[in-house]
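# Results of the structural survey
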Amino acid sequence: MLYLDNSATTQILPEVRSAMLPYLMEEYGNPSSKYYLVAENAKNAVKDARNSISSLLGCTDREIIFTSGSTESNNMIIKGVADYYSEKGNHIITSKVEHPSVLEACKFLETKGFEVTYLNVDNFGRIDLSELSSIITDKTILVSIIWGNNELGSLNDMKTISEICLERDVFLHTDATQVVSKVAIDLTEFPGIKFLSCSAHKFHGPKGIGAAFIRKDRYDILAKITPLMHGGGQEEGYRSGTLAVHNIVGMGKAGEMSQKNLLNNIKKLCFLEGYLTTILNDKFKGMLIFNHDKEHKIPGILSVQFKGINNEILVKKLAPFIAASTGSACSSSKPSHVLDAIGLSIDQVRNTIRFSLSATIEKEDLNIFNEL
Ligand code: PMP
């Protein structure tokens, strides 16, 4: 079976598994404990992992807070900023094509009296920068915009969004879950981004572990938010709870591998995407419409309409040979909010399949389409 649902999750790399195993067995210490070796070893392993994630993102170690993944990071940042700065303002800006962990957190905040603006997007799912600019007021406490879309792969112009938020002195959070390891990120080049979320399992790390980037100011003070988890004060008090050392080590190794192979992986994903596009165009002549943009996108995500074919039926038919998806949160009763926001009709949404590649795939693997 050829797995083409790498935007949903990825297989952990053998190197990641090997790095994790000792921390499930002999190295079982709690990194918050003191004086004895297994605790010291666990503490050092967490330190190294934090360093590999900070160097992958271009920030400092202290700015990385380990969480259970992007859902938690998104909730922690959005609700945490809203609570901490509620006296300053009650306005939050996001977009219509965010992941549910952003949209639902915002909807929750609306029930608490916050006002949320959900920006429209263009045909490829990108926000309009001048609309963003015009909508920021002195009551705006947070802008939360997805960096790269999970259904379409489209990249927002994060450079300009970062500049706008910096200039207007508004906190910017970005959900970077789909871009980490597929796009070179250097947070020193995006000073407007104060918060970022990511999940290890999207880049060949384990599930249930992720990070929140929280930027520090020039006095070395991390941006303040109210924590979701109160307790023992781990992770600088932002995320209490005993650290999942094995998962953190796995995330660190996956981050290290991603950084080492970044340019080659990007090149390979671009090549595989081109090859798969050619195969699909040959096989399904005249039947396809590509929803995704050709440029400014995450390499390896294809969103394709198969004209007149129900996506659920096709995905089920393909399932023994090829794992693909109808796009997250898309079912016959609840069509994808992302495809809806880019203006597709309900029929077009129901014809859409997402294929998402990984650099671990070989060109020959894709020839399976010719054998169907
Ligand atoms: N944001 C985006 C863009 C995602 O694709 C996902 C995972 N589908 C998440 C957030 C949530 O990540 P997790 O399930 O690892 O918490």
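Up top is the structure these notes are about.
Residues numbered from 1 in each chain as written. Predicted model: local features only at pLDDT ≥ 70, side-chain atom pairs only at ≥ 80, totals over all residues. Heavy atoms only, no water.

### Observations regarding the site of the ligand
Near the ligand, the surroundings consist of 14 residues, among which Thr71, Asp175, Ser199, His201 and Lys202 are the closest. Serine 70 places a polar main-chain atom, nitrogen or oxygen, 3.4 Å from an oxygen atom of the ligand. In this structure, a nitrogen atom belonging to the ligand sits 2.9 Å away from a side-chain N or O atom of lysine 202. For the ligand, whose accessible area on its own is 390 Å², the fraction buried by protein is 83%. Top element by residues in the shell around the ligand is helix α3 (residues 70-84). It accounts for three residues. Residues belonging to the shell around the ligand are distributed by class as follows: one nonpolar, 11 polar and two charged. (Near = heavy atom within 4 Å. Polar contact = N/O pair within 3.5 Å; in protein donor to acceptor, adjacent residues only side chain to side chain. Areas by Shrake-Rupley, 256 points an atom, 1.4 Å probe, with all protein chains shown as cover. Helix = DSSP H or I, 4+ residues; strand = E, 2+ residues; numbered from the N terminus. Nonpolar A, V, L, I, M, F, W, Y, C, P; charged D, E, K, R; others polar.)

### Some remarks on a nonpolar patch on the surface
Nonpolar side chains collect at one region of the surface, where Leu21, Leu24 and Met25 lie side by side and expose about 300 Å² of accessible area between them. Within the secondary structure, leucine 24 sits in the loop between α1 (14-20) and α2 (37-57). (Patch = residues over 30% accessible without salt bridge, like charges linked within 9 Å, V, L, I, M, F, W, Y side chains within 5 Å. Salt bridge = Lys/Arg side-chain N within 4 Å of Asp/Glu carboxyl O.)

### So, the side chain of histidine 173
With respect to the helices and strands, histidine 173 occurs in strand β6 (residues 171-175). Its relative accessible area of 0% is what places histidine 173 among the buried residues. Looking at histidine 173, its side chain comes within polar contact range of the side chain of asparagine 74, at 3.3 Å. Apart from residues no more than four positions distant in its own chain, histidine 173 is found in contact with Asn74, Ile77, Ile78, Leu142, Val143, Ser144, Ile145, Phe195, Leu196 and Ser197. (Buried < 20%, exposed > 50% of the residue type's maximum accessible area, 1.4 Å probe, protein only. Contact = heavy atoms within 4.5 Å.)

### Examining the pattern of salt bridges
Side-chain pairing between opposite charges can occur once the charged atoms of the two side chains come close. One pass over the structure, following the stated rule, counts 13 salt bridges. Among the salt bridges present, the one from arginine 50 reaches glutamate 235, with a minimum N-O distance of 2.8 Å. Here the residue arginine 50 occupies a position in helix α2, and glutamate 235 occupies one in the loop between β8 (210-214) and α7 (245-283), the gap between them amounting to 185 residues. In terms of burial, arginine 50 and glutamate 235 fall into one category: buried. Residues glutamate 189 and lysine 159 are paired through a salt bridge, measuring 3.7 Å at the closest nitrogen-oxygen approach. Of this pair, glutamate 189 sits in the loop between β6 and β7 (193-199) while lysine 159 sits in helix α6 (residues 158-167), placing them 30 residues apart in sequence. Looking at lysine 159, the relative accessible area reads 37%, which means it is partly exposed. Three or more residues joined by partner-sharing salt bridges are found here, namely Arg62, Lys216, Asp220 and Glu236.

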